[in-house]
Amino acid sequence: MSDRYLDLVGSGLGRTLAARLGLPRPTPLRRYALGQPVLEGPAVLAGVGAAPLLTRVRDALEHAGVQIQDTAAASDEGAARLGAVVVDASAARTVGDLEAVRAALVPTLKRLGSCARVLLLGTPPAQLTAPAEAATQHALEGIVRSVAKELREGATANLLLVAEGGETALAAPVRFFLSARSAYVDGQVLQVGPGAPQGAVDLDHPLAGKVAVVTGAARGIGAAIAEVLARDGATVLCADVPAAGDSLAAVANRVGGTALQLDITTPDAGERIAAHVAQRHGQRLDVIVHNAGITRDKLLVNTDADRWASVLAVNLEAQLRINDVLLDATREGALADGGRVISVSSTSGIAGNRGQASYAASKAGVIGLVQALSAQVAGRGITVNAVAPGFIETEMTARMPLGTREVGRRINSLGQGGSPVDVAEAIAFLAQPDNAGVTGQVLRVCGQSMIGA
Ligand SMILES: NC(=O)c1ccc[n+]([C@@H]2O[C@H](COP(=O)([O-])OP(=O)(O)OC[C@H]3O[C@@H](n4cnc5c(N)ncnc54)[C@H](O)[C@@H]3O)[C@@H](O)[C@H]2O)c1
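So, how was this worked out
- Residues numbered from 1 in each chain as written.
- Predicted model: local features only at pLDDT ≥ 70, side-chain atom pairs only at ≥ 80, totals over all residues.
- Heavy atoms only, no water.
- Helix = DSSP H or I, 4+ residues; strand = E, 2+ residues; numbered from the N terminus.
- Rg over C-alpha atoms; globule rule 2.2 N^0.38 Å.
- Buried < 20%, exposed > 50% of the residue type's maximum accessible area, 1.4 Å probe, protein only.
- Contact = heavy atoms within 4.5 Å.
- Pairing = 2+ DSSP bridges.
- Right-handed = clockwise from strand over helix to strand, strands pointing away.
- Axes fitted to C-alpha atoms, helices over the stretch in contact; angles between N-to-C directions.
- Parallel < 35°, antiparallel > 145°, perpendicular 65-115°, else oblique.
- Left-handed = near helix turned anticlockwise from the far one by under 90°.
- Near = heavy atom within 4 Å.
- Polar contact = N/O pair within 3.5 Å; in protein donor to acceptor, adjacent residues only side chain to side chain.
- Nonpolar A, V, L, I, M, F, W, Y, C, P; charged D, E, K, R; others polar.
- Disulfide = S-S within 2.5 Å.

A. Molecular detail of the overall build of the protein chain. When its secondary structure is counted, the protein chain shows 16 helices and 13 strands. The C-alpha atoms of the protein chain give 22 Å as radius of gyration, which agrees with the globular expectation for 453 residues (22 Å, within 12%). With the C-alpha coordinates of the protein chain rotated into their principal frame, the extents come out at 60 × 50 × 45 Å. Among the 453 residues that make up the protein chain, the fraction classed as buried is 56%. Taking as baseline every contact in the protein chain between residues at least 6 positions apart, the subset at least 24 positions apart corresponds to 75%.

B. Representation of the pairing of strand β5 (residues 156–162) in the model. The buried count for β5 comes to 7 of 7 residues, which makes it a mostly enclosed element. Of the two faces of β5, the one holding T156, N158, L160 and V162 and the one holding A157, L159 and L161 are both buried throughout. Relative to β5, strand β4 (residues 112–122) is paired through 6 bridges, and the arrangement is parallel. The partner of G122 across the bridge, within β5, is L161. Taking the sense of rotation as the criterion, the β-α-β connection linking β4, helix α6 (residues 131–150) and β5 turns out right-handed. As paired strands, β5 and strand β6 (residues 189–192) are joined by 4 bridges and run parallel to one another. Opposite L159, over in β6, you have V189 as the bridge partner. Remark: the β5/helix α7 (residues 171–178)/β6 crossover connection has left-handed handedness.

C. Examining the packing of helix α10 (residues 269–281) against helix α11 (residues 305–326) more closely. Interhelical geometry of α10 versus α11 gives an angle of 45° and a closest axis separation of 8 Å. Considering their axes alone, α10 and α11 lie oblique with respect to each other. Between α10 and α11 lies a crossing whose hand is right-handed. Each of A269, G270, E271, I273 and A274 in α10 lies in contact with α11, whose residues at this interface are I322, V325 and L326.

D. Here's a closer look at the environment of A360. Position of A360 among the secondary structure elements: in helix α13 (residues 357–377). You can call A360 buried: its relative accessible area is 11%. Distance in space between the C-alpha atoms of A360 and S346 is 7.8 Å, their sequence separation being 14 residues. Residues within four places of A360 in sequence aside, it is in contact with S348, G349 and G352.

E. Spotlight on the site of the ligand. As a structural note, the neighbourhood of the ligand is formed by 26 residues, with R219, I221, D240, N291 and Y359 the closest of them. Y359 has a polar side-chain atom sitting 2.5 Å from an oxygen atom of the ligand. Going through the elements one at a time, α8 (220–231), α13 and α14 (395–398) are the ones with two or more residues in the shell around the ligand. Counted by class, the shell around the ligand contains 13 nonpolar, 9 polar and 4 charged residues.

F. A look at the sheet that holds strand β13 (residues 442–445). Ordered by their spatial adjacency, 7 strands build an open sheet running β9-β8-β7-β10-β11-β12-β13, and the pairing between neighbours is parallel. Of all the strands in the sheet, just β9 (258–261) and β13 have a single pairing partner and so form its edges. Taken pair by pair, the neighbouring strands of this sheet meet at an average axis angle of 20°, ignoring direction. Judged from the 4 bridges that link them, strand β8 (residues 235–240) and β9 form a sheet pairing that is parallel. Within the sheet, the bridge partner assigned to D240 lies in β9 and is Q261.

G. Highlighting the state of the cysteines. All told, the structure shown has 0 disulfides when counted by the stated rule. Left unpaired, C115 is separated from the closest cysteine sulfur, that of C446, by 17 Å. Exposure remark for C446: the relative accessible area of 1% places this residue in the buried category.

Have a look at this one:
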């Protein structure tokens, strides 16, 4: 869907006019393309105290071909615009230690290039028992969420909390947050725990050899997920309702995958997916993406039992039932150990939304699902996460009344709606085999939307 305002203020005359009138001028976001460098400029690394994570960050970035610049050069007036600044504040334990974070950010923020990245690394406050220590670490959230709101030109700021043992699984999240794959992820906090990354990563094709199922793949966000997973090397089983058969077949052909016409609310949906995997892909499944979803918006007082049930059946009950079948390790075509389960939630499931009690119930339910299931299957090396999109430009949001649509688009730190590919990139990141330490989490892809903030 096109955002005419963004197009207008990006053009010569529109740009001048917007500047004269003092209108906001959102920057078109840099998005990932195969072979593109991780960053457009060098990265500066800084730390508080012993900064125990910086060596790992440096190794991960050098492996990904990122040029690293020292802090002194970064504050030099004539220096090139920076692609990123990473501050390891995981060792900060006193309020006074936060000064080092401020001091690292002040000169570097001034030198950030377009669509640059700010990434802070911290320790989960829940891991610290002393109030002063937990307070210091919690303060990092306030810094990141505010800096994200202050940054301009499509730049983002996020916080990675590294739990004990999480340093071995840090490379994939660091790469994601610094690269253009995280274009619409802003002002977010993600936790990395211990996890054993599987083998060496092919940075261009991190999902090579993997088999993934995507529900609701015929259009919108689901089609983008199928495309991005395939671009990253996966073979994709695209599932959608029989009524969407033609567009489903077109997506499956485009991504070199297979199509399965399936209403996910049918009682044997999980068995049918497993049977299709076993017959067509000759191996087990590695990634499950629960994307299919519907809305039946009405104020709760006007919602009848059928309308209520239909939303919960598609968006929540089907996921629970399909997981039960595909997590049965004895079944042919089920999820392999070390597999990935990713559910699409929504910022409505975090904040609630007028007229969306049924939808918000289903999407909040998904968050409960990933939290409980992640603990259950951790022993098998399976991770379970949710992605919560904000305002994404799709057929669903194109149907909104103009006023609601404009508000949804603009009330976020990047001043624009996200694209289906932004949600797909977050899902592909959660699907990566070397991203083994992120589980039971909800990653918002919302440009730091005020909704659910
Ligand atoms: N577009 C947004 O701004 C936005 C925001 C937050 C969350 N989401 C979520 O993202 C997901 C995709 O949304 P979208 O905007 O691409 O929606 P969409 O309506 O364009 O696509 C949804 C797809 O799911 C399929 N589907 C519906 N019921 C099904 C069933 N019973 N069995 C199999 N397939 C079924 C549909 O046929 C369709 O192809 C949904 O879960 C939605 O709730 C979207």
